[in-house]
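# Working through the structure, step by step
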Amino acid sequence: MMVAKSTVKEEAVKKIKVTKTAHSRIGEIDFNNLVFGKKYADHMLVADFDGKEWTNPQIIPFQNFSVSPSNAAWHYGQAIFEGIKAYKDPQGNPMIFRPYDNYKRFNLSAERMGMPPVPEWLFIGGMDMLIDLDRDWVPTGEGCSLYLRPFMIAADEFIGVRPSDTYRFAIINSPSGPYFNKPIKLLVQDKYVRAFPGGVGYAKAAGNYGGAMYPTQQARLQGFDQILWVDGYEHKYLQECGTMNVFAIIGNNAITPDLTQGTILEGVTRNSVMDVLKDMGLNVEERPISIDEIVSAYNKGTLREVFGTGTAASVAYVEQLDYLDNHLKLDTTKYEVGAEVIRRLDGIRTGRAADTRNWNYIVGQ
């Protein structure tokens, strides 16, 4: 159960020491030409777990960590993260989109990776303080946002195979433009596997992305942007893309892979899009969907749209989908569902439309 916002903030302010930068770097940023994940705001939040409790929480100028070569995270992969975005409303107030959902998922990932949970005052309250301090870094350009990256890594200087006793938690911020600035091409992967039931596919663990690097690199050499992963048993049931969940619009049905196998991430944007699609009158189905069903719908002319959803990517149109000898070409200029989803989501996240579900967390209030 979440604690009252005021109580969380009071505890954060009481516990987190703030050291402001002496020289802001904001003048070095061209806010008219932002690239995703390249530049970072003036400050960062850090805290350390000493084996019993979280200690030394502080907001400090953005800087490098000093880490031992024997750090357990390097060797055994105890590392998790989240992706969150902040926007500004028309009055200039920074707003974080659905941070409590990311907070819940972060601790779910921590549990699966044998790591300690992060308290609400540190994750939510600390994020509020950090963004309030760096509020001038929140861009207002079309498709732009302040991308927030909370993460935790093992900190033991020990190379024995066991969970670390100590950890570091941090949040860094990056003013960013769109992750994809054009429709994407997907290769359905029929050899390599991202996740199996019982594994860590549902966790936002660093190793999930590390294991996908080589297959994705090979796909890009063939002219694709991302891989569409399928199950490891039959190599036909859709899971997710490298950085996104996936939706197929077939007739008046919006279909997305279900979460029951524990192999895909329960995306915050995914959940938001499902709510928006229902508002639009579509029938939303969470269920197993095979690539054969996608190909069949394409051949019948009932496959209207395919798009990916994620915090970084937001909603990314798919213009090409290749599976073995099947080459599916989609005219994204005719995407009406995806376009309306983007319009509605952008309106809510930027305060231009009513936030009827209380998704936005207003910073500094």
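Residues numbered from 1 in each chain as written. Predicted model: local features only at pLDDT ≥ 70, side-chain atom pairs only at ≥ 80, totals over all residues. Heavy atoms only, no water.

Within an unreviewed UniProt entry, the label attached to the chain reads Branched-chain-amino-acid aminotransferase, and the organism entered is Chitinophaga jiangningensis. UniProt annotates the chain under Sequence similarities (unreviewed entry) with the comment "Belongs to the class-IV pyridoxal-phosphate-dependent aminotransferase family." (UniProt positions renumbered as here; feature names shortened; annotations may be inferred.)

Before going further, it helps to spend a moment on unusual backbone geometry. Positive phi outside glycine occurs at S314, with the angle close to 60°. By the element assignment, S314 lies in strand 16 (residues 314-323). The backbone of N358 shows a phi angle near 55°, a positive value even though the residue is not glycine. Summarising the element assignment, N358 is placed in the loop between helix 9 (336-349) and strand 18 (360-362). With a relative accessible area of 66%, N358 lands in the exposed category. (Helix = DSSP H or I, 4+ residues; strand = E, 2+ residues; numbered from the N terminus. Buried < 20%, exposed > 50% of the residue type's maximum accessible area, 1.4 Å probe, protein only.)

All right, on to the packing of aromatic side chains then. As enumerated under the stated definition, the model contains 19 aromatic pairs in all. Here Y40 and F62 contribute two aromatic rings whose centre-to-centre distance is 5.3 Å and whose plane-to-plane angle is 0°, an arrangement assigned as stacked. Pair noted here: Y40 is in the loop between strand 1 (17-18) and strand 2 (43-49) and F62 is in the loop between strand 3 (54-61) and helix 2 (72-76), with a separation of 22 residues, a long-range link. Taken together, a centroid distance of 5.4 Å and an interplanar angle of 50° make the contact between F106 and F123 tilted. (Phe/Tyr/Trp six-rings, centres within 6.5 Å; stacked < 30°, edge-to-face > 60°.)

Bringing the UniProt feature "modified residue: N6-(pyridoxal phosphate)lysine" (unreviewed entry) in the chain into the picture now. Those residues carrying the UniProt feature "modified residue: N6-(pyridoxal phosphate)lysine" (unreviewed entry) are K204 in this numbering. Within the secondary structure layout, K204 lies in the loop between strand 9 (184-188) and helix 5 (206-210). Among the residues examined, K204 registers a relative accessible area of 10% and is labelled buried.

What follows covers the nonpolar core. Membership of the largest hydrophobic core comes to 56 residues, with the highest contact counts inside it found for W54, I96, L122, F123, I131, M152 and F169. Here this core gets eight residues from one element, more than from any other, and that element is helix 4 (residues 120-133). Three or more residues apiece are contributed to this core by two domains, here domain 1 (5-178) and domain 2 (184-349). Here I131 is in contact with P94, I96, V138, L146, L148, N173 and V363, once residues within four sequence places are set aside. Membership of the second largest hydrophobic core comes to 47 residues, among which are I249, V273, I289 and A316. (Core = buried A, V, L, I, M, F, W, Y, C linked by side-chain atoms within 4.5 Å. Domains from an automatic or database assignment. Contact = heavy atoms within 4.5 Å.)

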